[in-house]
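Spelled out from the first residue to the last, the chains are:
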Amino acid sequence: MGILNGDGRRARRESEPGTGPSLAEPLPVLPLTDAVIFPETLATIHLSDSSEMLADVLEPGRHVALLALREGKRLVRSNEDVYQIGALARIHAAMRQPDGVFHVAVQGLSRIRLIEIVTWDPFVLARVERAPEIEEGGLEAEGLARAVNDLFAHLVAMDTDLPDELVGASHMFRRPLQLANFIASVSSLPKTRRQELLEIDSTVAKLHRLIDILQHELAVRELSHKIRDQTKVQIERAQREHILRQHMESIQKELGEGEPDENEARELRERIEMLELPDDVRKEVERELARLSRTPSASPEHGMVRTYLDWIVKLPWGKWTGKAIELDLAREILDQDHYNLDTVKTRIVEHLAVKRLRQERYGGIETNSPGTEPILCFVGPPGVGKTSLGQSIARALRREFARVSLGGTHDEAEIRGHRKTYIASMPGRIIQAISRAGAADPVFMLDEIDKLGSGYQGDPAAALLEVLDPAQNNTFVDHYLGVPFDLSRVMFICTANTIDPIPRALLDRMEVLELAGYTDAEKVFIAERFLIPRQLSANGLRKDEATLDPDLIRRVVREYTREAGVRNLERQIGAVMRKVALRIGHGEKGPIHVGEEHLEEYLGPQRFYSEIAERLDRPGVATGLAWTSSGGGDILFVEATMMPSDEERLVLTGMLGDVMRESAQAALSYLRTSASRFGIPDHVLAHKVVHIHVPVGAVPKDGPSAGVTILTALASMALGKPVRHDVGMTGEITLRGKVLPIGGVKEKILAAHRAGLRTIALPRRNERALDDVADEVRRACEIVLIDSAEDILHLALGVTAERSTTIVEVPELSPQSMH
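Remember, it's a predicted structure, so these values are computed and weren't measured experimentally.

Caption draft 1: Looking closely at the packing of aromatic side chains. Applying the stated criterion to the full structure yields seven aromatic pairs. Ring geometry for Trp317 versus Phe485: centroids 5.0 Å apart, planes at 65°, classification edge-to-face. Taken together, the residues Trp317 in the loop between helix H10 (300–314) and helix H11 (327–337) and Phe485 in strand S12 (residues 484–485) connect sequence positions 168 residues apart. Like Trp317, the residue Phe485 is buried in the burial classification. Relative to Phe492, the ring of Phe444 lies with its centre 5.4 Å away and its plane at 40°, an arrangement referred to as tilted. Taken together, the residues span a long stretch of sequence, with Phe444 in strand S10 (residues 443–447) and Phe492 in strand S13 (residues 491–496) at a distance of 48 residues. Put simply, the rings of Phe152, Phe173 and Phe182 pair up and form one aromatic cluster. Positioned above the aromatic ring of Tyr308, the side-chain terminus of Lys420 is 4.7 Å from the ring centre.

In structure tokens form, the structure reads like this:
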């Protein structure tokens, strides 16, 4: 295709409405199979119709209608066989080839629209009308034309079928419409894209669409070039490796070293024969060894089989590390590594005693009876020593230790592995950890089991059901291995911050041991015995180079950390040790004693203050005790206020859950019905909007245990009396004013003790839970057991309720009325 002339003046005159040939009479139609002709362009078309009548039509100087055939159409029999928009053209020359095909040179003049097909015998005649294009100028059209020119130049540079001269020709046009038609006609675009451009009326819209099409064509060509280059590199690399491999084999033959594949298979076979494999496993391994021998080393399957056999060889088949058990030594190791935790230590020693009896009475290191190993689950807040306790148990048992963190695991294949037929597949994390441990009976810790997720890949908690079932895990089958591996002698230990997210079926397989937080005195003792020596070593200090005053440690516990465990405490001690190391690094001689007076110099200003006295200096605020999602305890403040209103409403804020909202509604309902008994006039709560807020609004809160705290805050607001600032409380309230038991008692009491509360109100039915509370805390805090709302309001506000004298008579029901 080409252009009429450089400036397009003659073409513009012929395409203007009212100029050019008359269209009153039907015009011959030349149906185009693979081409689309644009106005103001020159092109050569090929017609396969060899009829003599067509030769008469193709006279030079004659005007014809050029319409593109729709997809799948070869003949024109109706309007639907061709596109409705085409081009009016003048024939310049026509030449008939020996095979009967006509080569026709045509010049596009203007755009036309098909009205109707008049006849198709002996050739197609049709009525058409002009369809002038909207030619626009201005800055937008000029900018779009320049962008089209740049993209077209890039396309010509990438397409070897387009001559470079086309770029120079495209810069000769001054009219954006003529430029668009030229580039659309000469670019190697699909017929449907060209027809789409021809049918667009507006010049600006046509340029926008042409830019999109050119960008798409460029992206396709760039990707094609990239793929071709990559394929070429891969082929060259494969050829090079093949040649080198042939040379290497020739050299090995000259040296008498034999075939490398045979050596590899023989080496693997020797290693496998040394393993104590079960019969069914050995049968599968022999089959894979035979498969490896038959597979060429260049085949991808060879690598898959070799990797599978490597995993088989690395696993500790029949390798046990259990030794004679010494109960006194085990208890001594547990006491060395951890302070307190007597319940957990006693349970571990009980387990060791049972194992020792089995060894002595039934012989051998272990029995094969199912369920010989317990599944322990340590539940407690962060930093109380759950993970390190597992390491101590392994040391006490003199076994290897393996650990897998399950936090964020959401794919079942991470537990059971992938099928070995997949590319880059490998065993699950259970088998991988057993392989690293090098023993078939390690102490195996499944850390953060409450953080398991689930997704479309499956539920990993369901996969753990078999792993943690002593009656089933002696034949655990990893998907990658495809053969059973005995996990029955593995001592599994799980850790979690809370048991609520753990599925019930999984929790049923575990023995839960709760680890509560530490008191201040326990933290000081742990710091002196464990944390300070560890941080001295971690910071390169000797024991005699730094000492910390016990009062300093106590202040760090109270003023710089607020946690149930000791993780942040160790972090602060590490910060002090780094300052000491800096002083020694500058040449100062030790020992350096860090006293209480140096605290702010080493750790900065105090970070935690007691807000209780400041918050409770006005009515409507009460201090509650909460159990957090991390497994620890904390205090929370409940604030209440009220405003006059035409309607009585309850407003709750602070990101409260449904259960806590219902507790607030129950507390308000009880107070309204019993207001007179507590000396609250009826008008105080009448026609009021009551607003209850629990600060730290970004943290979700839920549960029924804040019921008595909400009731106390409401009563304080109604009476205008502040709540005692040294009282913390917890308990569920009913509409009858009864206080029901709650959970997390020990954690809540420890949180109250850390916050400086000296009086703690608990439901009476939680009295048995006080046995787990440390003596130090029970001596420091007065624990008051309450049964009803009267008890808590008397304790916190000094209010004594009047006895109810209202008697409601209930009529007796006769047997007939009951039916």
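Having seen the model, we can carry on.
Caption draft 2: Examining the packing of helix H18 (residues 520–538) against helix H19 (residues 550–559) more closely. Where H18 contacts H19, the axes come no closer than 10 Å and their chain directions differ by 120°. If you check the angle between H18 and H19, you find them oblique. When the axes of H18 and H19 are compared, the crossing they make is right-handed. Judged by residue contacts, Asp520, Lys523, Val524, Ala527, Glu528 and Ile532 of H18 engage Pro550, Ile553, Arg554, Val557 and Arg558 from H19. A class-by-class count of the residues in the contact of H18 with H19 yields six nonpolar, no polar and five charged.

Caption draft 3: Fine view of the sheet that holds S10. The five strands are arranged S9-S10-S13-S8-S14 in an open sheet whose pairing can be described as parallel. For this open sheet the edge positions go to strand S9 (401–405) and strand S14 (511–514), each flanked by a neighbour on one side alone. Pairwise comparison of adjacent strand axes, ignoring direction, gives a mean angle of 20° for this sheet. Note: strand S8 (residues 376–379) against S14, four bridges, orientation parallel. Its bridge partner lying in S14, Cys377 is registered against Val512.

Caption draft 4: Seen up close, the confidence of the model for the protein chain. Across the protein chain, the average pLDDT comes to 83, with 90% of residues at 70 or higher. Under a pLDDT of 50 for its full length, residues 365–371 has, in the predicted model, 16 contacts with residues more than four places off or in other chains. For residues 805–819, every residue scores under 50 in pLDDT, and the model assigns this stretch one contact once sequence neighbours within four places are set aside.

Caption draft 5: Geometry of the layout of surface pockets. Of the pockets and cavities examined, the second largest pocket occupies roughly 780 Å³. Around the second largest pocket, the lining is made up of 31 residues, and of these Glu514, Leu515, Ala516, Lys746 and Glu747 lie nearest the centre. Elements with a contribution of two residues or more to the lining of the second largest pocket: helix H12 (342–362), S14 and helix H26 (745–755). Across the lining of the second largest pocket, the residue classes break down as 14 nonpolar, nine polar and eight charged.

Caption draft 6: Spatial organisation of the environment of Gly743. Following the sequence through the fold, Gly743 ends up in the loop between strand S23 (739–740) and H26. When the C-alpha positions of Gly743 and Trp627 are compared, they lie 8.1 Å apart, and in sequence the two are 116 residues distant.

Caption draft 7: View of the pattern of salt bridges. Per the stated rule, a full pass over the model turns up 42 salt bridges. With its nearest N and O atoms 2.9 Å apart, the salt bridge here joins Arg395 to Asp337. Taken together, the residues span a long stretch of sequence, with Arg395 in helix H13 (residues 386–397) and Asp337 in helix H11 at a distance of 58 residues. Arg542 is paired through a salt bridge with Glu545; the nearest N and O atoms lie 3.0 Å apart. Its relative accessible area of 54% is what places Arg542 among the exposed residues. The structure contains a network of salt bridges with shared partners spanning Glu284, Arg287, Glu288, Arg291 and Glu301.

Reading the values: rules and limits
Residues numbered from 1 in each chain as written. Predicted model: local features only at pLDDT ≥ 70, side-chain atom pairs only at ≥ 80, totals over all residues. Heavy atoms only, no water. Phe/Tyr/Trp six-rings, centres within 6.5 Å; stacked < 30°, edge-to-face > 60°. Helix = DSSP H or I, 4+ residues; strand = E, 2+ residues; numbered from the N terminus. Buried < 20%, exposed > 50% of the residue type's maximum accessible area, 1.4 Å probe, protein only. Lys NZ or Arg CZ within 6 Å of the ring centre and 35° of its normal. Axes fitted to C-alpha atoms, helices over the stretch in contact; angles between N-to-C directions. Parallel < 35°, antiparallel > 145°, perpendicular 65-115°, else oblique. Left-handed = near helix turned anticlockwise from the far one by under 90°. Contact = heavy atoms within 4.5 Å. Nonpolar A, V, L, I, M, F, W, Y, C, P; charged D, E, K, R; others polar. Pairing = 2+ DSSP bridges. pLDDT = per-residue confidence, 0-100. 1 Å grid on protein atoms, 1.4 Å probe; cavity = no way out; pocket = protein on both sides within 12 Å on 5 of 7 lines; lining within 4 Å. Points joined across faces, edges and corners; volume = space filled by probe spheres on them. Salt bridge = Lys/Arg side-chain N within 4 Å of Asp/Glu carboxyl O.

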